[in-house]
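Architecture at a glance
The residues making up each chain are set out below.
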Amino acid sequence: MTTALRAQPGIMDIALYQGGASKIVGQTDPLKLSSNENPFGSSPVVAEAIREAATALHRYPSTDHTALRAAIADVHGLDAERIICGVGSDEVLTLLAMAFAGPGDEVLYTEHGFSLYRIFALSAGATPVVAPERDRRVDVDALIERITPATRLIYIANPGNPTGTALDLPELTRLADAVPQDCLLVLDGAYAEFYDSYDGGAALVTARENVVMTRTFSKLYGLGGLRVGWGYATQHVIDVLNRIRGPFNMSVLALAGATAAMKDRGFVEMCLRENAQQRARLIGGLRQLGIACDESHANFVMARFADETTALAADAHLKAAGILVRLVKGYGFPEALRITVGSAVDVTRVLEALASFQEAS
Ligand code: PMP
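About the cut-offs
- Residues numbered from 1 in each chain as written.
- Predicted model: local features only at pLDDT ≥ 70, side-chain atom pairs only at ≥ 80, totals over all residues.
- UniProt positions renumbered as here; feature names shortened; annotations may be inferred.
- Helix = DSSP H or I, 4+ residues; strand = E, 2+ residues; numbered from the N terminus.
- Rg over C-alpha atoms; globule rule 2.2 N^0.38 Å.
- Buried ≥ 20, exposed ≤ 12 C-beta atoms within 10 Å, placed from the backbone.
- Contact = placed C-beta atoms within 7 Å.
- Domains from an automatic or database assignment.
- Nonpolar A, V, L, I, M, F, W, Y, C, P; charged D, E, K, R; others polar.
- Axes fitted to C-alpha atoms, helices over the stretch in contact; angles between N-to-C directions.
- Parallel < 35°, antiparallel > 145°, perpendicular 65-115°, else oblique.
- Pairing = 2+ DSSP bridges.
- Near = placed C-beta within 6 Å.
- Expected span 1.5 Å × (residues − 1).
- Right-handed = clockwise from strand over helix to strand, strands pointing away.
- Core = buried A, V, L, I, M, F, W, Y, C linked by C-beta atoms within 7 Å.

Within an unreviewed UniProt entry, the label attached to the chain reads Histidinol-phosphate aminotransferase, and the organism entered is Roseobacter cerasinus. Taken directly from UniProt, the Cofactor (unreviewed entry) text for the chain runs: "pyridoxal 5'-phosphate". Of the comments in the UniProt record for the chain, the one headed Pathway (unreviewed entry) reads "Amino-acid biosynthesis; L-histidine biosynthesis; L-histidine from 5-phospho-alpha-D-ribose 1-diphosphate: step 7/9."

Below you can see the structure in the form of structure tokens.
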């Protein structure tokens, strides 16, 4: 089809984001371990808060998200004035690119980084630049080598998706030290809470002008469907982002639900405990079956098979057993499957299905 309506440069180079599958043909209720969702759902106080908020849907939501920012600041010991809330952390990550990168600028991220980073760069009209990783880990030296005077933004997922590996604080600090003052280092902490004794980079953000941290309610809080994320940065960066975001970006329901979720620390602690236990069980079980798997600091693990054919066969075997996991060829790992850490029962089911796959092959 020909059209006179031309999209901005870069936009037609974007391939549509492919989410984790949610259905298996011919099966009604699959065990969904494909999108790193919380196996325990969300805290019961969330639905209660949403029901209450739903009695006044004719009212516009708060434009400044004061209650949610206060709850986040209280739990994390942060300055509420330096927090921005977004429609998922996606929104905060994309606002950063829109505000700080444009045509002629470079946006840097790593080989196996989150697939949306490329989309954020291209939609801002900037040029995506990819640094290689080493042994499925972010390679700080390779990133530093690719920083040029045109680099405006660096995205790092820590822990990484789909690898689950993470840089420790000395490595992050070494990277931050090498980033020029006119370039933002964005620490995407979608899985930060699952990484023991990691603050998501909050201390680095506090110490430096050009480091930003993003977080989400989609993983640990089990609220992927509500679409709430947030960022922490200097007042200047937050001020810039607030100027370009939609004034009513967060719905009344999202604000009420996320505020209640943040305050229910008991639910969060239970989920963290379970995740740590079941992640160790899953990794141990996979290795016992002869399936390679790195230590993970997230709520998923990446299981590596001999080659792509074996990974596809394992995926088909899991599907036949009613289990959905994620093929991560699009992230550069055709030989691997990313498996969300489920409940104890879920992990048993996955390990049993993979044991029968290994026996049969
Ligand atoms: N960053 C990473 C590394 C992710 O894996 C995801 C979700 N898959 C996100 C950011 C975005 O999450 P959300 O928009 O749901 O907060």
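So, next bit.
1. Some details on the overall build of the chain
Within the chain, the regular secondary structure consists of 12 helices and 15 strands. Relative to its length of 361 residues, the chain is compact, with a C-alpha radius of gyration of 21 Å against a globular reference of 21 Å. Referenced to the eigenvectors of the C-alpha coordinate spread, the extents of the chain come out at roughly 60 × 55 × 50 Å. Taking all 361 residues of the chain together, 47% fall into the buried category. Considering only contacts within the chain whose residues lie at least 6 apart along the sequence, 73% involve residues at least 24 apart.

2. Some details on the domain arrangement of the chain
Partitioning the chain into structural domains gives domain 1 (20–41 + 266–360) and domain 2 (44–263). Put simply, the middle of domain 1 and the middle of domain 2, counted by C-alpha atoms, are 26 Å apart. If you look at the interface, domain 1 gives 24 residues, while domain 2 gives 19 residues. Of all the secondary structure elements, the ones that give two or more residues to the side of domain 1 that touches domain 2 are α10 (265–288), β12 (300–304) and β15 (333–340). Element by element, the count of residues in the side of domain 1 that touches domain 2 is highest for α10, at four residues. Broken down by class, the residue content of the side of domain 1 that touches domain 2 amounts to 11 nonpolar, 10 polar and three charged.

3. Topic: the packing of helix α3 (residues 88–100) against helix α8 (residues 235–244)
Put simply, α3 and α8 touch, their axes get as near as 10 Å, and they point 95° apart. As judged from the angle between their axes, α3 and α8 are roughly perpendicular. On α8, the residues that touch Leu95, Leu96, Met98 and Ala99 of α3 are Val240, Leu241 and Ile244.

4. Remarks on the sheet that holds strand β11 (residues 292–293)
Spatial ordering of the open sheet is given by β11-β12-β15-β14, a layout of four strands whose pairing is antiparallel. Edge positions in the open sheet fall to β11 and β14 (326–328), since each of these has one partner strand only. One ladder, built from three bridges, connects β14 with β15; its direction is antiparallel. Following the sheet pairing, Val328 is matched in β15 by Phe333.

5. Here we look at the site of the ligand
Taken together, Gly88, Ser89, Asp90, Phe114, Ala157, Asn161, Asp188, Ala190, Thr216, Ser218, Gly224 and Gly229 are the residues near the ligand. Top element by residues in the shell around the ligand is α3. It accounts for three residues. Class assignment of the residues belonging to the shell around the ligand gives a composition of three nonpolar, seven polar and two charged.

6. A few points about α10
Spanning 24 residues, α10 covers 35 Å between terminal C-alpha atoms, matching the ideal 34 Å at 1.5 Å per step. Positive phi shows up at Gly290, right after α10, with a value of about 85°.

7. What about the UniProt feature "modified residue: N6-(pyridoxal phosphate)lysine" (unreviewed entry) in the chain?
UniProt's feature table lists "modified residue: N6-(pyridoxal phosphate)lysine" (unreviewed entry) at Lys219, given in the numbering used throughout. Residue position: Lys219 is located in the loop between β9 (211–216) and β10 (229–232). Apart from residues no more than four positions distant in its own chain, Lys219 is found in contact with Asn36, Asn38, Ala190, Tyr191 and Asn299.

8. Digging into the pairing of strand β3 (residues 106–110)
For β3, a buried count of five out of five residues is recorded, marking the element as mostly surrounded by other parts of the structure. Residues of β3 alternate between two faces, with Glu106, Leu108 and Thr110 on one and Val107 and Tyr109 on the opposite face, all of them buried. In this fold, β3 hands off to helix α4 (residues 116–123), which returns the chain to strand β4 (residues 127–131); that crossover is right-handed. Inspection of the sheet shows β3 paired to strand β7 (residues 151–157) by three bridges, in the parallel sense. Bridging from a neighbouring strand, Val107 pairs with Leu153 of β7.

9. Topic: the nonpolar core
Counting residues in each nonpolar core, the largest one holds 108 residues, and the members touching the most others are Leu96, Ala97, Leu153, Ile154, Val186, Val212 and Ala258. The leading source of residues in this core is helix α9 (residues 252–263), at seven residues. Residue contributions to this core reach at least three from each of two domains, namely domain 1 (20–41 + 266–360) and domain 2 (44–263). In contact with Val212, not counting residues within four places along its chain, are Leu96, Leu184, Val186, Leu187, Val205, Gly231, Ala233 and Val237.

10. Brief notes about the sheet that holds β9
Pairing in this open sheet of seven strands is mixed, and the strands run β2-β10-β9-β8-β7-β3-β4 from one edge to the other. Looking at the sheet topology across the chains shown, the edges are occupied by β2 (83–86) and β4. Mean inter-strand twist for the sheet, computed between neighbouring axes without regard to direction, equals 20°. Where helix α2 (residues 66–76) meets the sheet, it contacts β2 and β10, and its direction lies at approximately 120° from that of β2.

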